[in-house]
Amino acid sequence: MTLALFLVDALPAADAHTLDGPEGRHAAAVRRLRAGESLLLTDGAGAVARCTVVAAGRDTLDLAVQERWTEPQPSPRVVVVQALPKGDRGELAVELATEAGADAIVPWRATRCVTKWEDGPRGAKALERWRKTAREAAKQARRPWVPPVREPVALRGLLALVGSSALTLVLEAGLSTRLADVELPDSGDVVLVVGPEGGITPDELDALSAVGARPVRLGPSVLRTSTAAAVTLGALGVRTGRWG
């Protein structure tokens, strides 16, 4: 069974460490880890330490660090640009994409989004929910890399992201070009654009194509905006060295 993974601000420099706070409470009170059992600590940026529990308190664990290492990021990286879905489907999209291996997530204020993240406290609260979801999903998937959820972008910001990518794929149902037909890069960023429930507008699609994005269809069925990124990440994992 894969060892439980807990997030810390920084890996302990010493060979002895006390895991406290929310992570310590979860490990001691919820997971009920006891002396002699092992766990993993990560800083969410690839650094990992395998530790053994020396003693368990009510909401803390005393640990002995056994080994440390750094997990490299997959190559190519996949940046998921997720149009804002309705309700809690945004958190579902982030959760599934994180578990499937997204390396970064960018909320997109697409034209046909019903949900609107306005600047100010409400938008900041919604963004924080996405970030918390990514953090928890990374722990569930035992990922030492927690994908950053960046500030939301409109079309102009998305076009700039496309320009700096090795390849941008825009998921759009009903096209003749399949994802399976596109040559994929070995390195750099693959930007994966997922539109809203109402679809990407023709003007948005034209603008993205004009700066080099490749509109493609994934398969014969139409996926929800909340599941499309995760399914595509699985396909990219098989077709590239990401799952090697």
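Procedures and definitions
Residues numbered from 1 in each chain as written. Predicted model: local features only at pLDDT ≥ 70, side-chain atom pairs only at ≥ 80, totals over all residues. Heavy atoms only, no water. UniProt positions renumbered as here; feature names shortened; annotations may be inferred. Buried < 20%, exposed > 50% of the residue type's maximum accessible area, 1.4 Å probe, protein only. Helix = DSSP H or I, 4+ residues; strand = E, 2+ residues; numbered from the N terminus. Pairing = 2+ DSSP bridges. 1 Å grid on protein atoms, 1.4 Å probe; cavity = no way out; pocket = protein on both sides within 12 Å on 5 of 7 lines; lining within 4 Å. Points joined across faces, edges and corners; volume = space filled by probe spheres on them. Nonpolar A, V, L, I, M, F, W, Y, C, P; charged D, E, K, R; others polar. Phe/Tyr/Trp six-rings, centres within 6.5 Å; stacked < 30°, edge-to-face > 60°. Axes fitted to C-alpha atoms, helices over the stretch in contact; angles between N-to-C directions. Contact = heavy atoms within 4.5 Å. Salt bridge = Lys/Arg side-chain N within 4 Å of Asp/Glu carboxyl O. Expected span 1.5 Å × (residues − 1).

- The protein goes by Ribosomal RNA small subunit methyltransferase E in an unreviewed UniProt entry, where it is assigned to Actinokineospora spheciospongiae.
- If you open the UniProt record of the protein and go to Function (unreviewed entry), you find "Specifically methylates the N3 position of the uracil ring of uridine 1498 (m3U1498) in 16S rRNA. Acts on the fully assembled 30S ribosomal subunit."
- Looking at the Catalytic activity (unreviewed entry) heading of the UniProt record, one finds this comment for the protein: "uridine(1498) in 16S rRNA + S-adenosyl-L-methionine = N(3)-methyluridine(1498) in 16S rRNA + S-adenosyl-L-homocysteine + H(+)".

## Quick notes on the pairing of strand β9 (residues 189–194)
For step 1, the next point in the chain: Most of β9 sits inside the fold, with five of its six residues counted as buried.
For step 2, the next point in the chain: In terms of strand pairing, strand β6 (residues 77–83) meets β9 through six bridges, oriented parallel. Across the sheet, residue Q82 finds its bridge partner in β9, namely V194.

## So, the layout of surface pockets
Space left empty within the atom packing is revealed by a probe, the size of a water molecule, rolled over the atoms.
For step 1, the next point in the chain: Put simply, the largest pocket is a space of about 430 Å³.
For step 2, the next point in the chain: The greatest single-element share of the lining of the largest pocket, amounting to three residues, is contributed by helix α6 (residues 225–239).
For step 3, the next point in the chain: Residue composition of the lining of the largest pocket, by class: ten nonpolar, seven polar and five charged.

## Things to note about the UniProt feature "domain: Ribosomal RNA small subunit methyltransferase E PUA-like" (unreviewed entry) in the protein
For step 1, the next point in the chain: The sites that UniProt annotates as "domain: Ribosomal RNA small subunit methyltransferase E PUA-like" (unreviewed entry) are residues 19–64.
For step 2, the next point in the chain: Taken end to end, residues 19–64 is 22% helix and 43% strand, and its first and last C-alpha atoms sit 11 Å apart.

## So, the packing of aromatic side chains
For step 1, the next point in the chain: This model, assessed by the stated rule, comprises one aromatic pair.
For step 2, the next point in the chain: Relative to W130, the ring of W117 lies with its centre 4.8 Å away and its plane at 70°, an arrangement referred to as edge-to-face. Residue W117 is found in the loop between β7 (104–108) and α3 (121–140), and its partner W130 is found in helix α3; the two are separated by 13 residues along the sequence. In terms of burial, W117 and W130 fall into one category: buried.

## A few points about the sheet that holds strand β5 (residues 61–70)
For step 1, the next point in the chain: With mixed pairing, five strands are arranged side by side in an open sheet as β1-β3-β4-β5-β2. The open sheet has two edge strands with one neighbour each: β1 (5–7) and β2 (16–19). Neighbour-to-neighbour, the strand axes of the sheet open up by a mean angle of 40°, direction not taken into account.
For step 2, the next point in the chain: As paired elements, β1 and strand β3 (residues 38–42) share three bridges and run parallel to each other. Counted as the bridge partner of L5 is L40 from β3.
For step 3, the next point in the chain: Helix α1 (residues 21–30) rests against β1, β2 and β5 of the sheet, and its axis sits at about 155° to β1.

## Here we look at the sheet that holds strand β8 (residues 167–171)
For step 1, the next point in the chain: One open sheet accounts for five strands, arranged β7-β6-β9-β8-β10; its pairing is parallel. Each edge of the open sheet carries a strand with a single partner, namely β7 and β10 (214–216). Averaged over neighbouring strand pairs, the angle between their axes works out to 25° when direction is ignored.
For step 2, the next point in the chain: When β8 meets β9, the two strands line up parallel, connected through four bridges. In the sheet register, V170 faces β9, and the bridge partner there is V193.
For step 3, the next point in the chain: Along the sheet face, α6 touches β6, β8 and β9 and points at about 165° away from the line of β6.

## As for the pattern of salt bridges
For step 1, the next point in the chain: Enumeration according to the criterion identifies eleven salt bridges in this entry.
For step 2, the next point in the chain: Residue R242 pairs with D103 through a salt bridge whose shortest N-O separation is 2.8 Å. Remark: D103 occurs in the loop between α2 (89–100) and β7 and R242 occurs in the segment after α6; sequence separation between them is 139 residues. Just as R242 is buried, D103 falls in that class too.
For step 3, the next point in the chain: A salt bridge links D181 to R178; the shortest N-O distance between them is 2.9 Å.
For step 4, the next point in the chain: What makes R178 partly exposed here is its relative accessible area of 37%.
For step 5, the next point in the chain: Connected through salt bridges with shared partners, the residues E23, E136 and K139 form a single ionic network.

## Considering α6
Every α-helix winds through 3.6 residues per turn, so residues three or four apart in the chain are directed the same way.
For step 1, the next point in the chain: Under the 1.5 Å per step criterion, the end-to-end length of α6 is 22 Å for 15 residues, consistent within 8% with the ideal 21 Å.
For step 2, the next point in the chain: Where the residues of α6 are buried, they touch β6, α2, β8 and β9.

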